[in-house]
Structure formats: C-alpha cells, structure tokens
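Coordinate inspection notes
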Amino acid sequence: MSSSTTVRTARRRTLRVAAAALTAAAALTLTACSGSDAGGTKSAGHADTAAASGAGSTAGAQGSDAKADAESSTHAGAKAGVAGKQSGGSHAGTAKTSSPVRTERLVDGSKAEIYDLGSQRYRAKIISRGAVVATLETTGQEVDAGLDANDMFVVLTMGGEIHSWMGGGHQGPGTFKLAGGWTAKVTKAGELRYRAQIIGHDGSVDATLETKQHDVGLDANGVYIVLSAGGVISAHG
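The present account deals with the structure reproduced in this document. Keep in mind it's a predicted model, so treat the numbers as computed, not measured.

Looking at the sheet that holds strand 15 (residues 223–227)
- A sheet is described by the order of its strands in space; here 4 strands give the open sequence 9-16-15-14, paired in antiparallel fashion. Strands at the two margins of the open sheet, each flanked by one partner only, are strand 9 (170–171) and strand 14 (216–220).
- For strand 14 and strand 15, the ladder comprises 5 bridges, and the chain directions are antiparallel. Following the sheet pairing, Val216 is matched in strand 15 by Leu227.

Structural data, given as structure tokens:
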C-alpha cells in the first residue's frame, strides 16, 4: 500500500551468439559435401589425382576452420550466458525478497513479515492464523504506509519499522487532538477520499495525508498516524 504525503516545513519528515553458430554449421555441411566430391574425383582417374588431392586438403582445412569457429562461438555464447545469470537484476531481486528480513508480533497477536525491496522500499505481510490478511508497502519516495485493520492501526515506515496500536480513532470530517500534541483537520474530498492536515503547536500545517480509496500512514517525528479510506484518524506516540 502507498500514500500521498506533502511536506510543508523543513523540520518535518514526510509523510524505485546464435547467428555465428548457424553460419559455422552451414560451413561444416558444405565442407562435408566438398570432401565427398573430392574423394570421387580422386578414384576416377590418375590425371585428376593431384587436383582432387588439393581440393580435399583445402576442404579439410576449411572444415577445421569452420569447426574451430563454431566451437569458439559456442564457448563465447556460453560464457556470456553465465555472466548474464550472475549479474541479472531479476535474480538479485528474487534473492533479496524471497524471505523476510524479520518478523514482528503486532498488538492484536497477529504477526508481520517485513521484506526489504531495496531503495527504501519495504513490504509487510500481516499474517493471522496462518493466512495473509493484509499487505502494506512503502513506495521509496519518502512516504510511509498505513492500515486500519478493524480498529488495529498499523504504520510501516520507509525505514522498514512497523508500529501497531488499538483504538483511539476519530471519525472525520472534523478537527481532532492527536498524540504528541498534533492536531488533525480531516475533510472529505470524495468517495473513499479524505484529507487530513497535520497541524503543529504553532498552528502551521506540517504535513498532509490524503486517502485515494486506501488507508495511508505517517511517522510524524515518532508519532504514528493512520488515516483510513473511511475518514477515521488515529495516532499513537
């Protein structure tokens, strides 16, 4: 899951060699034919013996050169293939995300498996009774992820940290006091779209959360905030 977050002040952190082998094979075929013709000429008469012998020698040399070229081309292709496997991005990505970097227990007893996707991107699979019931994912663009899971709120930060708590939700629209001295002004922007302005002690808007048919989250200097697609906002410090 991802979120849309806008920073308004600097002191707050916001809320990606086959053709050669075929040529060599063709040369080998032509060489074999030339060798057969040369042998026939040699047995037909003494007058053509020297010419046939020369042709056979030339054909043999061409066959040896073609075979050497084919073996060299095949060997080079095999080495290129091995190098490609060793440096391939998909192989590296699979190895990195095949197992979680850690597993943490959440407040409701479920567990979260954290996967490192690289470039400040993390994925958290929430597992309850052996089944994946939800997935959060940061975007790697200085944006955290959030979830309202039946009154359990979860934030996954872009640093791969996960925090969960129960309750404390306020149903928007409205203006609400949050943990850590923050104030949230929640307005409705459309169907399953809510916007929350996060206001600091001095009355300035330090961050903005906006849902786009999915929940969003924020690490506001150690206070974790979730805004659900249904307009419920909760914070925990």
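Examining the sheet that holds strand 7 (residues 152–156)
- A sheet is described by the order of its strands in space; here 3 strands give the open sequence 6-7-8, paired in antiparallel fashion. Each having just a single partner strand, strand 6 (145–149) and strand 8 (162–166) make up the two edges of the open sheet. Strand-to-strand twist in this sheet, taken as the mean axis angle between neighbours without regard to direction, amounts to 15 degrees.
- Sheet topology places strand 7 next to strand 8; 5 bridges connect them, and they run antiparallel. Across the sheet, residue Val154 finds its bridge partner in strand 8, namely Ser164.

A look at the environment of Asp206
- One can find Asp206 in strand 13 (residues 205–210).
- A relative accessible area of 1% means that Asp206 is categorised as buried.
- Residues Asp206 and Trp182, 24 residues apart in the sequence, show an inter-C-alpha distance of 9.6 Å.
- Within the structure, the side chain of Asp206 is placed 3.1 Å from the side chain of Ser204, a separation counted as a polar contact.

Focus on the pairing of strand 3 (residues 111–118)
- Among the 8 residues that make up strand 3, 7 are buried, leaving the element largely enclosed by the rest of the structure.
- For strand 2 (residues 102–105) and strand 3, the ladder comprises 4 bridges, and the chain directions are antiparallel. From the neighbouring strand, Arg102 faces strand 3, where its bridge partner is Ile114.
- Linking two consecutive strands that pair antiparallel, namely strand 2 and strand 3, is a turn of 5 residues; a positive phi of about 100 degrees is found at Gly109 within it.
- Looking at chain direction, strand 3 and strand 4 (residues 121–128) are connected through 7 bridges and run antiparallel.

Conventions used here
Residues numbered from 1 in each chain as written. Predicted model: local features only at pLDDT ≥ 70, side-chain atom pairs only at ≥ 80, totals over all residues. Heavy atoms only, no water. Pairing = 2+ DSSP bridges. Helix = DSSP H or I, 4+ residues; strand = E, 2+ residues; numbered from the N terminus. Axes fitted to C-alpha atoms, helices over the stretch in contact; angles between N-to-C directions. Buried < 20%, exposed > 50% of the residue type's maximum accessible area, 1.4 Å probe, protein only. Polar contact = N/O pair within 3.5 Å; in protein donor to acceptor, adjacent residues only side chain to side chain.

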